[in-house]
Amino acid sequence: MANNAVIIGTGSYLPSRVVTNQDLEAEIDTTDEWIRTRTGIRQRYIASDNEPNSYLAVKASEHALNMAGVRPSELDLIIVGTLTPDMPMPSVACLVQKELGALKAGAFDLSATCSGFLYGLAVADKFVRDNRKMKVLVIGSEVLSRRVNWEDRTTCVLFGDGAGAAVVTGTRDRRGILSTHLHADGRLWEFLTIKALGTACPITPEILDKGWQYIEMSGRDVFKNAVRALEAVTWEAIKTNGWTSDDVDLLICHQANMRILDYLRERLGLPEEKVFINIHKYGNTSAASIPIALDEANRSGRLKPGMNLLMVSFGGGFTWGAVAMEW
Ligand code: ACO
């Protein structure tokens, strides 16, 4: 009998400082009205100097482990999807492993930008299908505020910090993760990038002056590609499972922009209550956005056993993907 992967606990954590659109109005040439109508965002959470990525990731993980009733010492694997690690070495996953005391667990970071959590779930799914006793902690965690140019109004209003986590293990029941769908198109990398701080580009005063240590985005190109890819991967997941869009009980899409979410909802013909929205509270938290939304949907009772859940993501790379589940 086949093994299936189920999520037995979810958790999330936001830093304590809230920055509203009105706060940004006081700092840069923008308006609450512009931000709300273009993106749906009203506020975002910003980490303080003593809250690195691993701090948020540990807090979210503790909540997920508590819900799952799993001790850190029982974990076999920790996967962190992130584009804003504490440092290049070690990984956030190793820092989380140390902090939790999960000393039996292997640990690695996964670089798939906003799709990091779904890519991580796909990896966890494969391990658990091999060995249903495995317990895998999958985290999406970001401190994007450190990689945003706070003088660039075209990007800084969009992003926020936060973390979400899920504990995955195996079952013989026919439920849990039904299918995973991963895609990428590296040819389009320049539309959404942080050019410096890696090995391609020396860290010189000239480079820092150009702002290459910050997120650069061609908003319209990202928008065009995001709607196309998200719609395609959503139908791919629906068809793979023999569903129609009516069979989707809850859609959790990466919270990048309200207009992208509206577009997807209309193309699928889904009623508003089937599409989870929390972008107004958090902005775009990249890899953290889906696990934060998943935790909110789970804890608020919006997700119920037996429901068909579809999670879809899109981000820099470009990467995109979907995970279909029976909850
Ligand atoms: N406040 C006020 N005005 C602004 C701001 C701002 N914060 N930002 C830009 N503007 C101005 C521009 O300067 C421009 O002015 P101009 O016409 O005088 O030149 C005008 O507003 C329109 O700018 P556009 O870039 O054309 O605005 P657009 O309607 O395309 O919206 C946005 C921009 C919101 C970024 C949109 O392109 C978008 O949502 N793109 C997708 C972005 C996204 O989702 N990225 C993340 C996905 S992947 C991931 O999550 C990492």
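Here the structure is a predicted model, which means the values were calculated and not measured.

## Here's the deal with the domain arrangement of the protein chain
- Partitioning the protein chain into domains gives domain 1 (4-173) and domain 2 (178-326).
- Averaged C-alpha coordinates put domain 1 and domain 2 at centres separated by 14 Å.
- Across the contact, 50 residues belong to domain 1 and 44 residues belong to domain 2.
- Here domain 1 meets domain 2 over a buried area of about 3,700 Å², counting both sides, of which 64% is carbon and sulfur.
- It is Cys114, Leu118 and Arg147 in domain 1 that bury the most area against domain 2; as a group they hold 19% of the surface buried on that side.
- Here domain 1 and domain 2 share zero salt bridges between them.

## Thoughts on the layout of surface pockets
- Each pocket or cavity is described by its volume, and for the second largest pocket that value is around 260 Å³.
- Taken together, 13 residues make up the lining of the second largest pocket; nearest its centre are Arg17, Val19, Leu24, Ile46 and Trp150.
- Among the secondary structure elements, those contributing two or more residues to the lining of the second largest pocket are β2 (17-20) and α1 (21-25).
- Residue composition of the lining of the second largest pocket, grouped by class: six nonpolar, two polar and five charged.

## A look at the site of the ligand
- Surrounding the ligand, one finds 23 residues, the nearest of these being Thr30, Arg220, His254, Asn257 and Asn284.
- Isolated, the ligand exposes 1,000 Å² of accessible area, and the fraction of that covered by the protein chains is 75%.
- Elements with a contribution of two residues or more to the shell around the ligand: α2 (32-39), α6 (153-156), α8 (219-240), α9 (258-268) and β12 (308-315).
- Ranked by the residues each element gives to the shell around the ligand, the list is headed by α8, at four residues.
- Within the shell around the ligand, the residues separate by chemical class into 10 nonpolar, eight polar and five charged.

## Here we look at the environment of Ile252
- Here Ile252 lies in strand β11 (residues 250-253).
- The sequence separation of Ile252 and Leu309 amounts to 57 residues, and the corresponding C-alpha distance is 7.6 Å.
- Ignoring sequence-local partners within four residues, the contact set of Ile252 consists of Phe276, Ile290, Ala293, Leu294, Ala297, Leu309, Leu310, Met311 and Val312.

## Observations concerning the pairing of β11
- Residues Leu250 and Ile252 point to one face of β11 and Leu251 and Cys253 to the other, with burial holding for every one of them.
- Bridge count for β11 against β12 is four bridges, and the pairing is parallel. The partner of Ile252 across the bridge, within β12, is Met311.

## Some remarks on unusual backbone geometry
- Looking along the chain, the bond that leaves Met89 and enters Pro90 is cis, with omega of 0°.
- By the element assignment, Pro90 lies in the loop between β4 (77-81) and α4 (92-100).
- Across the junction of Gly317 and Phe318, the peptide omega takes the value -15°, indicating a cis bond.
- One non-glycine residue, Thr113, lies in the positive phi region at around 45°.

Cut-off values and rules
- Residues numbered from 1 in each chain as written.
- Predicted model: local features only at pLDDT ≥ 70, side-chain atom pairs only at ≥ 80, totals over all residues.
- Heavy atoms only, no water.
- Domains from an automatic or database assignment.
- Contact = heavy atoms within 4.5 Å.
- Buried area = accessible area lost by both parts, 1.4 Å probe.
- Salt bridge = Lys/Arg side-chain N within 4 Å of Asp/Glu carboxyl O.
- 1 Å grid on protein atoms, 1.4 Å probe; cavity = no way out; pocket = protein on both sides within 12 Å on 5 of 7 lines; lining within 4 Å.
- Points joined across faces, edges and corners; volume = space filled by probe spheres on them.
- Helix = DSSP H or I, 4+ residues; strand = E, 2+ residues; numbered from the N terminus.
- Nonpolar A, V, L, I, M, F, W, Y, C, P; charged D, E, K, R; others polar.
- Near = heavy atom within 4 Å.
- Areas by Shrake-Rupley, 256 points an atom, 1.4 Å probe, with all protein chains shown as cover.
- Buried < 20%, exposed > 50% of the residue type's maximum accessible area, 1.4 Å probe, protein only.
- Pairing = 2+ DSSP bridges.

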